[in-house]
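# Tertiary structure, described
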Amino acid sequence: PIKKLKVPKKLTQASASVYVSLLETSKTSNDALQLLLRISDTLQFKEEDIPTIVKKLADHFNQQNESAVRVKILSLFCNIGALPGADAVYIIDHTMKLIKRDTSHKVIAQGLLTMLKLSENLSSADTLLVKIYNIAKIYLKDTNHWVKRICLRIIGHLRLGDNVRVVSDYIHSQDARVRSAALDTLVLLHENGEKLDVSMYGDACEALNDDYEIVRAAALKIVCLIGNTYPEKLMKVAKSNEEIRLIDDAFGKICQAVNDLCMQVRHRAMQLLGTMVDVCPSFLNQTLDKKLMSNMRKKKSLHERSSEIVTSGEWSTGKKWADDAPKELLNKDEINVVSSGACGAFVHGLEDEFMEVRSASVDALCNLALHHPEFAVLSLDFLVDMFNDEIEAVRIKAIDSLTSMSRHILLREHQLETVLGALEDFSIDVREGLHRMLAACHLSTKDCLQMCVEKLLENLKKYPQDKKSTWKCVKEIGSKHSEITLPLVPQLLSIHPFFDTPEPDVEDPHYITLLILVFNAARHCPTMLQLFEEHTIKHYSYLRVTLPSLVPPLKLAETAEFVEPTTTEAGAQLLWRLVDSLSGCGARVQEEVIHRCLPQLARLAQIDSAIAGPAQFISLFISCQMSLGKILNDSLWCCNVSTTIQGNTVKHNIAQLLTLCLKLQYLFVGLEKVEMAAVKQFQLKALALHLVYIVRASNLSALALCEHFLNKVELTQRYLMEHQILPDEFCKTVFLM
């Protein structure tokens, strides 16, 4: 007899209202705390019950002597206020009253934090925000650092008064955590429109020498913001009458933080250096040299130096030859326009032991190089050296950075050797990144081009899976270097002036690589067309059809009888013609047509990359349908068969079908709503098939699988309803059950 299987959904946990009622009967503070933890775990209230629950929690707050319980109640207020339908104003009013009478620093801090989070849901015109702001100003005088920090956060978010003046009083606080919070609040105020005055620059520079790293990191941001806001303002150099721009001085101060003992400070310094694009080129160039350049020293004229010697009262004794010769007394701390910490700042950053600092250094170097072409040329060697970094993420970032600045640079032979050496990397991401970089860069000589092509061919032999990426790379290289490709054509295509050479195999990936390079170079150099032999022209005609996105149109001789294809349109038309052929025939004929279409779809995906995605998706979807039909056609698929081999075959087919369904759902992006709905409905069929197999053809438990199936049914039904898509017959039947 057929057994009916009914799997009810799990009952939801008890409503949090029950636990709130039990609070009244709790005898100890530990019991109350356990109940409050259960309430926070469930947090399921009816909208009309929320005011009553808040009132009960407030009453229990007044009865409790344990501060941990009171803190948890105020934390619950914050969570309840975020629920839909909750009255944030009502909860904030209760919180104000509760912390007004409390003396515990932890409770006051949690109450202020609750008000801060709930105030985000209030309108800017609400008078309650003024009350919260005034309360925060009152509690700023509290002795506890946590309370002060939250008060500073409230002032920074609400921005209702003279905030900069109020907050700046606390950057000299005795507690480092308060100083850090005050500096972070000033940054927040500046970013929200309350510009910091340039007079605060001195205090921010003093904070750079603080004993605590959290203060130094926060002060770096202030120095950077003021420097970027007032870049042209002149200021005096310490112990000198020299004047430099504020942005240059701020840049030097932040460069000095690159040598900080704390990794977080060095990381922050490197991040900020990348934002200071208005800095003087001489200061910028100094960051790539550990020795102080002569143009960064203060110089005195001969008259000034002689005058200093005369006024100093030092005269010749006559006992020593030339002891009255003028001498320049140098003090390393007094001759520098820029701090010595700025010397070689990027060199230090790129050599840092932490990958976070090195990665930030690469980003900063790239951003500054994009705005300063001369600096880009100087930094090229340093970025190329980063291709040998031990961390893959840093190598990829260096490659991407060099790709971004490619329009400013020209690769020389010694630099190209390092770049090409990185092609041996085992990571496909690094190799493809290098292919993109080589495609974007410019090579200086034909020897560089020859070295590049030889290395790419050698790499293609080692990693055949890089074929498409390599072809795209040589396409761009050929387009940009047609002049230096011309003298290499006889060598690349094995053209001999006297002897006929054997015709290469047009299916050989190495030969195709050379042809793509030459054909793209010939597009900008018509002289090259005269060098092509007859078989090269035939190969061009073949590749123009099979690889239309990589081979450009060329004006060849009429004897070639070449017909220009419209690649994407032709491929798309062929794709839809194949799809239409599947729907317009009977079941028996359709099966034969499907078997013939699958290889054609796979070949079409290889030929035209523009429609490779749709072709692969359709092919995979058809394979899923065929796999499902194959399982259902087996009469013993849902029977507990005696032979293990047959049972394992069915099990393997079902597992393969589920794998294909997951590929359909997660392997493709950009699917339309209808296509995703079809995938979800087919996945539901596959799960139902698996469930029936487990129940009827095995002794395994089906409870977990049933629950998973019911969840999928619910999710699929919700998706179809949200996008107003009609379900198919199978899903319609399942939804009605």
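Refer to the structure presented above.
The structure contained in this document is the topic of the report that follows. (Residues numbered from 1 in each chain as written. Predicted model: local features only at pLDDT ≥ 70, side-chain atom pairs only at ≥ 80, totals over all residues. Heavy atoms only, no water.)

## Observations concerning the overall build of the protein
Helix and strand counts for the protein come out as 35 helices and two strands. Evaluated residue by residue, the protein yields a buried proportion of 46% over its 737 residues. Taking the contacts inside the protein whose residues are at least 6 apart along the sequence as the reference set, 69% of them involve residues at least 24 apart. Summing over all exposed atoms, the protein offers an accessible surface of approximately 40100 Å²; the carbon and sulfur share of this is 54%. (Helix = DSSP H or I, 4+ residues; strand = E, 2+ residues; numbered from the N terminus. Buried < 20%, exposed > 50% of the residue type's maximum accessible area, 1.4 Å probe, protein only. Contact = heavy atoms within 4.5 Å. Areas by Shrake-Rupley, 256 points an atom, 1.4 Å probe, with all protein chains shown as cover.)

## What to know about a negative patch on the surface
A cluster of like negative charges, contributed by Glu503, Asp505, Glu507 and Asp508, occupies part of the molecular surface. Structurally, aspartate 505 can be placed in the loop between helix 26 (489-492) and helix 27 (509-522). (Patch = residues over 30% accessible without salt bridge, like charges linked within 9 Å, V, L, I, M, F, W, Y side chains within 5 Å. Salt bridge = Lys/Arg side-chain N within 4 Å of Asp/Glu carboxyl O. Lys, Arg positive; Asp, Glu negative; His and termini not counted. Charge placed at Lys NZ, Arg CZ, Asp CG, Glu CD.)

## Side note on helix 7 (residues 128-139)
Every α-helix winds through 3.6 residues per turn, so residues three or four apart in the chain are directed the same way. For helix 7, which comprises 12 residues, the first-to-last C-alpha distance of 17 Å matches the rise-based estimate of 16 Å (1.5 Å per residue) to within 8%. Buried within helix 7 we find Leu128, Leu129, Ile132, Tyr133, Ile135, Ala136 and Tyr139. Viewed along the axis of helix 7, the buried residues span an arc of 160°, placing them on a single side of the element. Check the buried side of helix 7 and you find it contacts helix 5 (88-100), helix 6 (105-119), helix 8 (145-158) and helix 9 (163-168). (Expected span 1.5 Å × (residues − 1). Arc of directions from axis to C-beta.)

## Structural notes on unusual backbone geometry
The residue serine 494 is not glycine, and still its phi comes out positive at about 55°. Among the secondary structure elements, serine 494 is positioned in the loop between helix 26 and helix 27. At glutamine 724, a residue that is not glycine, the phi angle is positive and equals roughly 55°. Locating glutamine 724 in the fold gives a position in the loop between helix 34 (703-722) and helix 35 (729-736).

## Notes on the packing of aromatic side chains
Applying the stated criterion to the full structure yields six aromatic pairs. Here the aromatic rings of phenylalanine 519 and phenylalanine 532 are separated by 5.6 Å at their centres, their planes lie at 75°, and the arrangement is edge-to-face. Here the residue phenylalanine 519 occupies a position in helix 27, and phenylalanine 532 occupies one in the loop between helix 27 and helix 28 (534-546), the gap between them amounting to 13 residues. Of the two residues examined, phenylalanine 519 and phenylalanine 532, each falls in the buried class. (Phe/Tyr/Trp six-rings, centres within 6.5 Å; stacked < 30°, edge-to-face > 60°.)

## Focus: the environment of serine 119
Take serine 119: it is sitting in helix 6. When the C-alpha atoms of serine 119 and leucine 158 are compared, they prove to be 8.7 Å apart, with 39 residues separating the residues in sequence. Apart from residues no more than four positions distant in its own chain, serine 119 is found in contact with Ile92, Leu129, Ile132 and Leu158.

## Some thoughts on the pattern of salt bridges
A side chain of one charge can pair with a side chain of the opposite charge when the charged atoms of the two come close. In this structure the tally under the stated criterion is 25 salt bridges. Two residues, lysine 685 and aspartate 728, come together in a salt bridge whose shortest N-O distance is 3.9 Å. With lysine 685 in helix 33 (residues 673-697) and aspartate 728 in the loop between helix 34 and helix 35, this residue pair connects regions lying 43 residues apart in the sequence. Residue lysine 685 is classed as partly exposed on the basis of its relative accessible area, which comes to 26%. Overlapping salt bridges, with partners in common, bring together Glu424, Lys455, Glu458 and Lys462 in one network.

## As for helix 19 (residues 373-385)
In this model helix 19 runs 19 Å from its N-terminal to its C-terminal C-alpha over 13 residues, within 8% of the 18 Å that 1.5 Å per residue would give. Along helix 19, the helix axis deviates most sharply at serine 379, where the bend reaches about 45°. For helix 19, every residue scored as buried is listed here: Phe375, Ala376, Ser379, Leu380, Leu383 and Val384. Where the residues of helix 19 are buried, they touch helix 15 (281-286), helix 17 (345-350), helix 18 (355-371), helix 20 (392-404) and helix 21 (413-421). (Bend = angle between axes of the 7 residues up to and from the residue.)

## Quick notes on the packing of helix 27 against helix 28
The geometry of helix 27 relative to helix 28 is characterised by a closest axis approach of 11 Å and an angle of 90° between their N-to-C directions. With respect to helix 28, the axis of helix 27 lies roughly perpendicular. Of the residues in helix 28, those in contact with Tyr511, Ile512, Leu515 and Phe519 of helix 27 are His535, Thr536, His539, Tyr540 and Leu543. Residue composition of the contact of helix 27 with helix 28, by class: six nonpolar, three polar and no charged. (Axes fitted to C-alpha atoms, helices over the stretch in contact; angles between N-to-C directions. Parallel < 35°, antiparallel > 145°, perpendicular 65-115°, else oblique. Nonpolar A, V, L, I, M, F, W, Y, C, P; charged D, E, K, R; others polar.)

## A short note on a positive patch on the surface
The grouping of Lys467, Lys468, Lys472 and Arg603 at the surface amounts to a positive patch. Among the elements that make up the positive patch, the one with the highest residue count is helix 24 (residues 467-480) (three residues). Within the element layout of this structure, lysine 472 appears in helix 24.

Geometry only, nothing functional implied.
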